[in-house]
Amino acid sequence: MTCAKEMRKDLDDLGIDIGILFPDFFLFHAALQQADYAIALAKAYNRWLVEEWLGEDNGLKGAVMAPHHDPVVAAAEIRKYAKHEHVKAIYLPTAMVDPFYGHRRYDPVYEAAQETNLPVFFHSVTCIHPTFPFNMHGFSTLFSAHVMAHPFSCIANLLSMLETGVPVRFPNLRVAFTEAGIGWVPWLMMRIDKEYNERRRDLPFYKGRPSEHIKKMFFSTQPIEEPANLRDLAALISLFDGENSVIFSSDWPHHDFDHPSKVLQIPVSEEGRRKILGTNALRLLNLEVAKR
Amino acid sequence: MKKEIMVATVAELPEGSHKIVQVGSREIGIFNVRGELYAIPNVCFHQNGPLCKGAVSGTVRADEQTSWKLEWVQEGEIVVCPWHSLEFNVTTGECIAYPGRRLPTYSLRVEDGQIFFPADK
(Lines give C-alpha, C1' and ligand atoms only; values in the text may rest on other atoms or scores of the structure.)
Protein backbone atom coordinates (compact mmCIF):
# COMPACT_ATOMS: atom_id res chain seq x y z
CA MET A 1 0.00 0.00 0.00
CA THR A 2 2.08 2.87 -1.18
CA CYS A 3 -0.03 5.23 -3.21
CA ALA A 4 -3.48 6.59 -3.94
CA LYS A 5 -3.76 4.54 -7.12
CA GLU A 6 -3.18 1.30 -5.24
CA MET A 7 -5.65 2.30 -2.55
CA ARG A 8 -8.26 3.14 -5.14
CA LYS A 9 -7.84 -0.26 -6.73
CA ASP A 10 -8.07 -2.03 -3.38
CA LEU A 11 -11.24 -0.19 -2.46
CA ASP A 12 -12.70 -1.09 -5.84
CA ASP A 13 -12.00 -4.72 -5.06
CA LEU A 14 -13.77 -4.33 -1.73
CA GLY A 15 -16.75 -2.66 -3.40
CA ILE A 16 -16.13 0.65 -1.65
CA ASP A 17 -16.85 3.85 -3.57
CA ILE A 18 -15.73 6.44 -1.04
CA GLY A 19 -13.10 6.08 1.65
CA ILE A 20 -11.74 8.37 4.35
CA LEU A 21 -8.00 8.10 4.76
CA PHE A 22 -6.50 7.98 8.25
CA PRO A 23 -2.80 8.35 9.00
CA ASP A 24 -1.76 4.86 10.07
CA PHE A 25 1.39 5.40 12.17
CA PHE A 26 0.15 8.78 13.32
CA LEU A 27 -2.56 6.95 15.21
CA PHE A 28 0.28 7.03 17.77
CA HIS A 29 0.75 10.77 17.35
CA ALA A 30 -0.12 11.60 20.97
CA ALA A 31 2.83 9.52 22.15
CA LEU A 32 5.15 12.25 20.88
CA GLN A 33 6.18 14.35 23.83
CA GLN A 34 8.00 17.05 21.91
CA ALA A 35 5.19 19.31 20.78
CA ASP A 36 7.09 21.24 18.07
CA TYR A 37 8.15 17.99 16.43
CA ALA A 38 4.66 16.51 16.71
CA ILE A 39 3.11 19.62 15.18
CA ALA A 40 5.65 19.69 12.34
CA LEU A 41 4.86 16.07 11.54
CA ALA A 42 1.12 16.75 11.52
CA LYS A 43 1.55 19.72 9.21
CA ALA A 44 3.77 17.66 6.92
CA TYR A 45 1.20 14.89 6.89
CA ASN A 46 -1.57 17.28 5.91
CA ARG A 47 0.52 18.69 3.04
CA TRP A 48 1.40 15.19 1.87
CA LEU A 49 -2.21 14.06 2.19
CA VAL A 50 -3.59 16.70 -0.15
CA GLU A 51 -0.64 16.56 -2.55
CA GLU A 52 -0.27 12.80 -2.88
CA TRP A 53 -3.66 11.36 -2.02
CA LEU A 54 -6.41 13.84 -2.71
CA GLY A 55 -5.47 15.10 -6.15
CA GLU A 56 -8.21 13.31 -8.02
CA ASP A 57 -11.94 13.14 -7.78
CA ASN A 58 -11.85 9.41 -7.22
CA GLY A 59 -13.63 8.83 -3.92
CA LEU A 60 -10.56 9.13 -1.71
CA LYS A 61 -11.27 11.69 1.00
CA GLY A 62 -8.99 13.10 3.64
CA ALA A 63 -9.15 13.67 7.37
CA VAL A 64 -7.00 16.64 8.30
CA MET A 65 -4.75 15.93 11.26
CA ALA A 66 -5.33 18.33 14.11
CA PRO A 67 -2.16 18.41 16.22
CA HIS A 68 -3.81 18.50 19.62
CA HIS A 69 -0.46 19.27 21.28
CA ASP A 70 -1.35 22.89 20.52
CA PRO A 71 -5.10 23.28 20.01
CA VAL A 72 -4.69 26.75 18.50
CA VAL A 73 -2.38 25.36 15.82
CA ALA A 74 -4.78 22.45 15.39
CA ALA A 75 -7.63 24.87 14.77
CA ALA A 76 -5.53 26.76 12.22
CA GLU A 77 -4.76 23.52 10.35
CA ILE A 78 -8.46 22.68 10.30
CA ARG A 79 -9.37 26.08 8.84
CA LYS A 80 -6.52 25.90 6.37
CA TYR A 81 -7.55 22.57 4.88
CA ALA A 82 -11.31 22.80 5.28
CA LYS A 83 -11.56 24.55 1.93
CA HIS A 84 -9.93 21.64 0.09
CA GLU A 85 -12.64 19.87 -1.85
CA HIS A 86 -11.58 16.39 -0.73
CA VAL A 87 -10.87 17.12 2.93
CA LYS A 88 -14.05 15.98 4.61
CA ALA A 89 -13.15 15.30 8.22
CA ILE A 90 -10.87 16.08 11.13
CA TYR A 91 -8.81 13.38 12.74
CA LEU A 92 -7.94 13.61 16.44
CA PRO A 93 -5.37 11.10 17.73
CA THR A 94 -7.16 9.36 20.56
CA ALA A 95 -4.62 6.86 21.90
CA MET A 96 -2.56 8.14 24.84
CA VAL A 97 -4.06 11.60 24.69
CA ASP A 98 -3.69 13.50 27.95
CA PRO A 99 -5.76 15.33 29.03
CA PHE A 100 -8.82 13.72 27.49
CA TYR A 101 -10.72 15.55 24.78
CA GLY A 102 -13.28 17.08 27.10
CA HIS A 103 -10.65 19.41 28.55
CA ARG A 104 -11.43 23.01 27.74
CA ARG A 105 -8.00 23.46 26.23
CA TYR A 106 -9.43 21.76 23.15
CA ASP A 107 -12.26 24.25 22.72
CA PRO A 108 -10.49 25.96 19.79
CA VAL A 109 -10.51 22.64 17.92
CA TYR A 110 -14.25 22.22 18.39
CA GLU A 111 -14.86 25.85 17.47
CA ALA A 112 -12.97 25.32 14.22
CA ALA A 113 -14.80 22.07 13.54
CA GLN A 114 -18.13 23.73 14.07
CA GLU A 115 -17.21 26.72 11.96
CA THR A 116 -15.94 24.61 9.06
CA ASN A 117 -18.74 22.06 9.44
CA LEU A 118 -16.24 19.20 9.35
CA PRO A 119 -16.97 16.18 11.54
CA VAL A 120 -14.37 15.16 14.12
CA PHE A 121 -13.23 11.54 14.04
CA PHE A 122 -11.75 10.09 17.20
CA HIS A 123 -9.49 7.20 16.34
CA SER A 124 -7.54 5.15 18.83
CA VAL A 125 -4.98 2.38 18.51
CA THR A 126 -3.56 -0.36 20.71
CA CYS A 127 -0.45 0.46 22.71
CA ILE A 128 0.97 0.20 26.21
CA HIS A 129 1.32 3.59 27.87
CA PRO A 130 0.81 5.06 31.36
CA THR A 131 -2.26 7.03 30.19
CA PHE A 132 -5.63 5.40 30.78
CA PRO A 133 -6.78 3.08 29.25
CA PHE A 134 -3.42 2.12 27.85
CA ASN A 135 -1.81 1.16 31.17
CA MET A 136 -2.25 -2.46 30.18
CA HIS A 137 1.09 -3.89 31.31
CA GLY A 138 -0.88 -6.36 33.44
CA PHE A 139 -1.97 -8.24 30.36
CA SER A 140 0.28 -10.76 28.70
CA THR A 141 -1.42 -10.83 25.32
CA LEU A 142 -2.26 -8.50 22.48
CA PHE A 143 -5.64 -10.20 22.58
CA SER A 144 -6.49 -8.46 25.85
CA ALA A 145 -4.86 -5.15 24.99
CA HIS A 146 -6.72 -4.95 21.70
CA VAL A 147 -10.03 -5.76 23.37
CA MET A 148 -9.51 -2.90 25.82
CA ALA A 149 -7.63 -0.15 24.04
CA HIS A 150 -9.99 1.00 21.34
CA PRO A 151 -13.40 1.02 23.02
CA PHE A 152 -12.12 2.17 26.41
CA SER A 153 -10.23 5.01 24.82
CA CYS A 154 -13.40 6.11 23.03
CA ILE A 155 -15.42 5.71 26.22
CA ALA A 156 -12.93 7.75 28.25
CA ASN A 157 -12.82 10.60 25.77
CA LEU A 158 -16.56 10.62 25.21
CA LEU A 159 -17.15 10.74 28.97
CA SER A 160 -14.66 13.55 29.29
CA MET A 161 -16.52 15.52 26.62
CA LEU A 162 -19.80 14.98 28.43
CA GLU A 163 -18.18 16.18 31.67
CA THR A 164 -17.50 19.62 30.25
CA GLY A 165 -20.68 19.90 28.24
CA VAL A 166 -19.08 19.68 24.79
CA PRO A 167 -22.32 18.45 23.15
CA VAL A 168 -24.26 21.48 24.40
CA ARG A 169 -21.45 24.03 24.27
CA PHE A 170 -20.87 23.11 20.62
CA PRO A 171 -24.36 22.17 19.47
CA ASN A 172 -23.39 21.92 15.80
CA LEU A 173 -20.30 19.83 16.41
CA ARG A 174 -20.54 16.41 14.79
CA VAL A 175 -18.38 13.60 16.07
CA ALA A 176 -17.63 10.01 15.17
CA PHE A 177 -15.88 7.30 17.14
CA THR A 178 -13.94 4.85 15.04
CA GLU A 179 -12.31 1.45 15.27
CA ALA A 180 -13.98 0.53 18.51
CA GLY A 181 -16.88 -1.57 17.29
CA ILE A 182 -20.33 -0.61 18.51
CA GLY A 183 -21.07 -2.99 21.37
CA TRP A 184 -20.03 -0.49 24.01
CA VAL A 185 -22.42 2.24 22.91
CA PRO A 186 -25.68 1.05 24.51
CA TRP A 187 -23.82 0.03 27.64
CA LEU A 188 -22.32 3.49 28.00
CA MET A 189 -25.68 5.16 27.41
CA MET A 190 -27.36 3.15 30.13
CA ARG A 191 -24.46 3.59 32.50
CA ILE A 192 -24.28 7.38 32.17
CA ASP A 193 -28.02 7.76 32.51
CA LYS A 194 -27.87 5.81 35.74
CA GLU A 195 -25.02 7.94 37.09
CA TYR A 196 -26.75 11.13 36.00
CA ASN A 197 -29.56 10.53 38.49
CA GLU A 198 -27.15 10.71 41.38
CA ARG A 199 -24.43 13.03 40.09
CA ARG A 200 -26.16 15.61 37.93
CA ARG A 201 -24.30 18.35 39.76
CA ASP A 202 -21.04 17.03 38.34
CA LEU A 203 -22.22 17.87 34.83
CA PRO A 204 -25.10 20.34 35.10
CA PHE A 205 -25.23 20.96 31.36
CA TYR A 206 -28.02 18.60 30.47
CA LYS A 207 -31.76 18.69 30.68
CA GLY A 208 -32.53 15.02 30.88
CA ARG A 209 -30.73 11.82 30.03
CA PRO A 210 -27.22 12.59 28.77
CA SER A 211 -27.49 9.54 26.51
CA GLU A 212 -29.70 11.62 24.23
CA HIS A 213 -26.51 13.35 23.09
CA ILE A 214 -24.82 10.05 22.32
CA LYS A 215 -27.67 9.24 19.97
CA LYS A 216 -26.55 12.21 17.87
CA MET A 217 -22.98 10.91 17.56
CA PHE A 218 -21.68 8.52 14.93
CA PHE A 219 -20.01 5.17 15.42
CA SER A 220 -18.08 3.26 12.83
CA THR A 221 -18.48 -0.47 12.56
CA GLN A 222 -15.00 -1.86 12.40
CA PRO A 223 -14.06 -4.11 14.14
CA ILE A 224 -17.67 -5.12 13.94
CA GLU A 225 -18.70 -7.58 16.64
CA GLU A 226 -19.44 -11.06 15.35
CA PRO A 227 -21.82 -12.74 17.79
CA ALA A 228 -22.97 -16.29 17.12
CA ASN A 229 -26.38 -14.92 16.27
CA LEU A 230 -26.21 -11.81 14.08
CA ARG A 231 -29.73 -10.92 15.12
CA ASP A 232 -28.16 -9.92 18.45
CA LEU A 233 -26.19 -7.26 16.62
CA ALA A 234 -29.32 -5.92 14.91
CA ALA A 235 -30.99 -5.74 18.32
CA LEU A 236 -27.97 -3.96 19.76
CA ILE A 237 -28.05 -1.39 16.95
CA SER A 238 -31.70 -0.72 17.65
CA LEU A 239 -30.86 0.10 21.29
CA PHE A 240 -29.21 3.36 20.30
CA ASP A 241 -31.02 4.22 17.09
CA GLY A 242 -27.88 2.98 15.35
CA GLU A 243 -29.55 2.69 11.97
CA ASN A 244 -29.12 6.46 11.84
CA SER A 245 -25.67 6.72 13.39
CA VAL A 246 -23.62 3.66 12.52
CA ILE A 247 -21.28 4.01 9.56
CA PHE A 248 -19.49 1.21 7.81
CA SER A 249 -15.72 1.33 8.09
CA SER A 250 -13.25 -1.10 6.64
CA ASP A 251 -9.94 -0.20 8.31
CA TRP A 252 -8.32 -1.38 5.11
CA PRO A 253 -5.45 -2.27 4.80
CA HIS A 254 -4.97 -3.21 8.45
CA HIS A 255 -4.86 -6.81 9.65
CA ASP A 256 -8.22 -6.50 11.39
CA PHE A 257 -10.14 -4.92 8.51
CA ASP A 258 -13.78 -5.81 7.85
CA HIS A 259 -15.13 -6.71 4.46
CA PRO A 260 -18.43 -4.92 3.69
CA SER A 261 -20.14 -8.30 3.35
CA LYS A 262 -19.79 -8.84 7.11
CA VAL A 263 -21.82 -5.74 7.80
CA LEU A 264 -24.27 -6.59 5.02
CA GLN A 265 -25.07 -9.80 6.91
CA ILE A 266 -26.45 -7.95 9.92
CA PRO A 267 -30.23 -8.44 9.69
CA VAL A 268 -31.30 -4.81 9.93
CA SER A 269 -33.94 -3.41 7.59
CA GLU A 270 -33.07 -2.75 3.95
CA GLU A 271 -33.29 0.95 4.70
CA GLY A 272 -31.02 0.52 7.71
CA ARG A 273 -28.52 -1.34 5.57
CA ARG A 274 -28.42 1.50 3.06
CA LYS A 275 -27.89 3.98 5.84
CA ILE A 276 -25.15 2.02 7.59
CA LEU A 277 -23.34 1.15 4.37
CA GLY A 278 -23.62 4.59 2.87
CA THR A 279 -26.04 7.36 3.56
CA ASN A 280 -25.15 7.89 7.23
CA ALA A 281 -21.57 8.53 6.18
CA LEU A 282 -22.65 10.79 3.32
CA ARG A 283 -24.65 12.85 5.78
CA LEU A 284 -21.82 12.97 8.30
CA LEU A 285 -19.26 13.95 5.68
CA ASN A 286 -21.48 16.37 3.78
CA LEU A 287 -21.07 14.39 0.59
CA GLU A 288 -23.51 14.26 -2.23
CA VAL A 289 -23.68 11.40 -4.66
CA ALA A 290 -26.05 10.51 -7.44
CA LYS A 291 -29.07 8.51 -6.27
CA ARG A 292 -29.14 4.85 -7.16
CA MET B 1 -59.20 13.96 52.24
CA LYS B 2 -62.79 14.96 52.54
CA LYS B 3 -61.89 18.09 54.46
CA GLU B 4 -58.75 20.02 55.17
CA ILE B 5 -56.70 19.03 58.15
CA MET B 6 -54.30 20.81 60.42
CA VAL B 7 -50.80 19.39 59.87
CA ALA B 8 -48.44 21.70 61.74
CA THR B 9 -48.07 25.05 63.39
CA VAL B 10 -46.22 28.00 61.93
CA ALA B 11 -43.99 27.98 64.99
CA GLU B 12 -42.76 24.51 64.04
CA LEU B 13 -41.55 25.74 60.64
CA PRO B 14 -39.20 28.71 60.93
CA GLU B 15 -37.83 30.14 57.70
CA GLY B 16 -35.39 27.76 56.00
CA SER B 17 -36.71 24.68 57.78
CA HIS B 18 -38.84 21.81 56.65
CA LYS B 19 -40.65 18.90 58.23
CA ILE B 20 -42.58 15.81 57.28
CA VAL B 21 -46.20 15.50 58.32
CA GLN B 22 -48.73 12.71 58.10
CA VAL B 23 -51.82 13.24 55.94
CA GLY B 24 -53.93 10.11 56.19
CA SER B 25 -51.74 7.30 54.89
CA ARG B 26 -49.37 9.70 53.12
CA GLU B 27 -46.31 11.64 54.20
CA ILE B 28 -46.00 15.22 53.02
CA GLY B 29 -42.98 17.48 53.24
CA ILE B 30 -43.64 21.09 54.21
CA PHE B 31 -40.98 23.68 53.49
CA ASN B 32 -40.62 27.28 54.60
CA VAL B 33 -38.72 29.03 51.81
CA ARG B 34 -38.13 32.72 52.58
CA GLY B 35 -41.38 32.91 54.55
CA GLU B 36 -43.55 31.06 52.03
CA LEU B 37 -44.84 27.54 52.73
CA TYR B 38 -44.66 24.80 50.12
CA ALA B 39 -45.69 21.15 50.23
CA ILE B 40 -44.68 18.13 48.15
CA PRO B 41 -45.01 14.37 48.72
CA ASN B 42 -42.31 12.66 50.73
CA VAL B 43 -41.73 10.28 47.84
CA CYS B 44 -39.07 10.54 45.18
CA PHE B 45 -40.33 9.27 41.83
CA HIS B 46 -36.98 7.64 41.16
CA GLN B 47 -37.04 4.71 43.61
CA ASN B 48 -39.64 5.92 46.12
CA GLY B 49 -37.03 7.28 48.51
CA PRO B 50 -38.01 9.53 51.45
CA LEU B 51 -37.26 12.69 49.48
CA CYS B 52 -38.19 15.23 52.14
CA LYS B 53 -35.78 13.76 54.66
CA GLY B 54 -33.07 15.22 52.46
CA ALA B 55 -31.16 18.44 53.00
CA VAL B 56 -32.41 21.69 51.48
CA SER B 57 -29.89 23.95 49.77
CA GLY B 58 -29.27 25.17 46.24
CA THR B 59 -28.11 23.54 43.05
CA VAL B 60 -25.52 23.80 40.32
CA ARG B 61 -26.31 25.30 36.98
CA ALA B 62 -24.19 25.71 33.83
CA ASP B 63 -25.64 27.07 30.64
CA GLU B 64 -25.23 29.83 28.12
CA GLN B 65 -26.21 32.47 30.70
CA THR B 66 -23.38 31.36 32.99
CA SER B 67 -20.96 31.13 30.05
CA TRP B 68 -20.99 27.37 30.71
CA LYS B 69 -19.30 27.90 34.07
CA LEU B 70 -20.74 26.11 37.09
CA GLU B 71 -22.78 28.42 39.31
CA TRP B 72 -24.51 27.81 42.63
CA VAL B 73 -28.12 28.95 42.33
CA GLN B 74 -31.58 28.68 43.93
CA GLU B 75 -30.21 28.48 47.47
CA GLY B 76 -32.92 27.36 49.87
CA GLU B 77 -35.24 25.97 47.18
CA ILE B 78 -33.79 22.59 46.38
CA VAL B 79 -34.27 19.38 48.31
CA VAL B 80 -31.94 16.48 47.58
CA CYS B 81 -33.23 12.96 48.00
CA PRO B 82 -31.18 11.17 50.68
CA TRP B 83 -31.25 7.95 48.69
CA HIS B 84 -29.73 8.82 45.29
CA SER B 85 -29.45 12.62 45.34
CA LEU B 86 -32.08 13.44 42.75
CA GLU B 87 -32.87 17.14 43.25
CA PHE B 88 -36.30 18.79 43.32
CA ASN B 89 -37.38 22.40 43.48
CA VAL B 90 -39.68 22.39 46.51
CA THR B 91 -41.54 25.49 45.28
CA THR B 92 -42.61 23.91 41.99
CA GLY B 93 -42.09 20.16 42.46
CA GLU B 94 -39.87 20.20 39.41
CA CYS B 95 -37.04 17.67 39.13
CA ILE B 96 -33.79 19.46 38.30
CA ALA B 97 -32.33 16.55 36.35
CA TYR B 98 -35.45 16.15 34.23
CA PRO B 99 -37.12 19.51 33.57
CA GLY B 100 -40.78 18.95 32.85
CA ARG B 101 -41.07 16.04 35.24
CA ARG B 102 -42.49 17.16 38.52
CA LEU B 103 -44.03 16.04 41.76
CA PRO B 104 -47.45 17.32 42.74
CA THR B 105 -47.47 20.43 44.90
CA TYR B 106 -50.10 21.36 47.45
CA SER B 107 -51.40 24.77 48.50
CA LEU B 108 -51.39 25.16 52.24
CA ARG B 109 -53.61 27.51 54.18
CA VAL B 110 -52.46 29.28 57.32
CA GLU B 111 -54.87 30.51 59.97
CA ASP B 112 -54.17 31.54 63.52
CA GLY B 113 -50.67 30.10 63.42
CA GLN B 114 -51.91 26.75 62.15
CA ILE B 115 -51.09 25.15 58.82
CA PHE B 116 -53.86 23.31 56.98
CA PHE B 117 -53.49 20.75 54.20
CA PRO B 118 -56.20 21.17 51.54
CA ALA B 119 -59.26 19.00 51.20
CA ASP B 120 -59.64 16.73 48.14
CA LYS B 121 -55.90 16.52 47.59
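Let us look at the structure shown here. (Residues numbered from 1 in each chain as written. Chains lettered and ligands numbered in written order. Predicted model: local features only at pLDDT ≥ 70, side-chain atom pairs only at ≥ 80, totals over all residues. Heavy atoms only, no water.)

All right, on to the nonpolar core then. Residue and element names in this part refer to chain A. Within the largest apolar cluster, 109 residues are counted, with the highest numbers of intra-cluster contacts made by Tyr110, Phe177, Trp184, Ile214 and Phe219. Top contributing element to this core by residue count: helix α5 (residues 142-163), with seven residues. Not counting residues within four places of it along the chain, the set of residues in contact with tryptophan 184 comprises Pro151, Cys154, Ile155, Leu158, Phe177 and Phe219. (Core = buried A, V, L, I, M, F, W, Y, C linked by side-chain atoms within 4.5 Å. Buried < 20%, exposed > 50% of the residue type's maximum accessible area, 1.4 Å probe, protein only. Helix = DSSP H or I, 4+ residues; strand = E, 2+ residues; numbered from the N terminus. Contact = heavy atoms within 4.5 Å.)

Next up on the list: the sheet that holds strand β5 (residues 56-61) of chain B. Residues and elements named next belong to chain B. Taking strand neighbours across the sheet as the criterion, the three strands line up as β5-β6-β7 in an open arrangement whose pairing is antiparallel. Of all the strands in the sheet, just β5 and β7 (87-89) have a single pairing partner and so form its edges. On average, each strand axis in the sheet is tilted by 65° relative to the strand beside it, whichever way the strands run. Across three bridges, strand β6 (residues 71-80) lies against β7 in antiparallel orientation. Bridge assignment links valine 80 to a residue of β7, and that residue is glutamate 87. (Pairing = 2+ DSSP bridges. Axes fitted to C-alpha atoms, helices over the stretch in contact; angles between N-to-C directions.)

Further remarks concern the interface of chain B and chain A. With 21 residues of chain B in contact, the opposing surface of chain A contributes 15 residues. With both sides pooled, the region where chain B packs onto chain A buries about 1500 Å², and carbon together with sulfur makes up 51% of that total. The largest contributions to the chain B side of the interface with chain A come from Val60(B), Trp68(B) and Tyr98(B), which together make up 36% of the buried area. At the boundary of chain B with chain A, the tally comes to two salt bridges. Between Arg200(A) and Glu87(B) there is a salt bridge, and its shortest N-O distance comes to 2.7 Å. In this structure, the connection of chain B to chain A is made through 10 residue pairs in polar contact (both at pLDDT 80 or more). Only β5 and β6 of chain B provide two or more residues apiece to the side of chain B that touches chain A. (Buried area = accessible area lost by both parts, 1.4 Å probe. Salt bridge = Lys/Arg side-chain N within 4 Å of Asp/Glu carboxyl O. Polar contact = N/O pair within 3.5 Å; in protein donor to acceptor, adjacent residues only side chain to side chain.)

We now examine the sheet that holds strand β3 (residues 26-33) of chain B. Residues and elements named next belong to chain B. Pairing is antiparallel across the open sheet formed by three strands, whose spatial order is β2-β3-β4. Looking at strand neighbours, the two that pair on one side only are β2 (18-23) and β4 (36-41), the edges of this open sheet. Between one strand axis and the next, the sheet turns by 30° as a mean value, whatever way the strands run. With six bridges joining them, β2 and β3 adopt antiparallel strand pairing. Across the sheet, residue histidine 18 finds its bridge partner in β3, namely phenylalanine 31.

This paragraph deals with helix α9 (residues 230-239) of chain A. Residue and element names in this part refer to chain A. Of all the positions in α9, only Leu230, Leu233, Ala234, Leu236 and Ile237 are classed as buried. Projected onto a plane normal to the axis of α9, the buried residues spread over an arc of 160° and lie on a single side. Exposed residues lying more than 90 degrees from the buried face of α9 are Arg231 and Ser238. As for α9, its buried residues are in contact with α7 (184-199) and α11 (270-285). With a side-chain oxygen positioned 2.9 Å from the backbone nitrogen of arginine 231, the residue opening α9 is asparagine 229. (Arc of directions from axis to C-beta.)

Residue and element names in this part refer to chain A. Of all seven residues in strand β3 (residues 87-93), seven are buried; the element is thus mostly enclosed. The pairing of strand β2 (residues 60-65) with β3 spans four bridges and is parallel. In the sheet register, valine 64 faces β3, and the bridge partner there is isoleucine 90. Sheet analysis places β3 next to strand β4 (residues 120-123), joined by four bridges and oriented parallel. Its bridge partner lying in β4, isoleucine 90 is registered against valine 120. Handedness of the crossover joining β3 and β4 through helix α4 (residues 107-116) is recorded here as right-handed. (Right-handed = clockwise from strand over helix to strand, strands pointing away.)

Applying the stated rule across the entire model yields zero disulfides over all chains. Free cysteine: Cys154(A), not disulfide-bonded; nearest cysteine sulfur from Cys127(A) at 13 Å. (Disulfide = S-S within 2.5 Å.)

Before going further, it helps to spend a moment on α11(A). Residue and element names in this part refer to chain A. For α11, with 16 residues, the first-to-last C-alpha span of 22 Å sits near the 22 Å given by 1.5 Å per residue. Where α11 bends most, the angle comes to about 55°, and this point is isoleucine 276. Of the residues making up α11, those classed as buried are Gly272, Lys275, Ile276, Gly278, Asn280, Leu282, Leu284 and Leu285. Looking one or two places after α11, you find asparagine 286, whose phi comes out positive at around 55°. (Expected span 1.5 Å × (residues − 1). Bend = angle between axes of the 7 residues up to and from the residue.)

Residue and element names in this part refer to chain A. One pass over the full model with this rule turns up 19 salt bridges over all chains. The salt bridge partner of glutamate 115 is arginine 79, with a shortest N-O separation of 2.9 Å. On the criterion of sequence distance, the pair formed by glutamate 115 in helix α4 and arginine 79 in helix α3 (residues 71-82) is long-range, its members being 36 residues apart. Assessed through its relative accessible area of 29%, arginine 79 is described here as partly exposed. The shortest N-O distance in the salt bridge between lysine 262 and glutamate 226 comes to 3.5 Å. Taken together, the residues span a long stretch of sequence, with lysine 262 in helix α10 (residues 260-264) and glutamate 226 in the loop between β6 (218-220) and α9 at a distance of 36 residues. Judged by its relative accessible area of 24%, lysine 262 is partly exposed. The network of salt bridges with common partners includes Arg191, Glu195 and Arg199.

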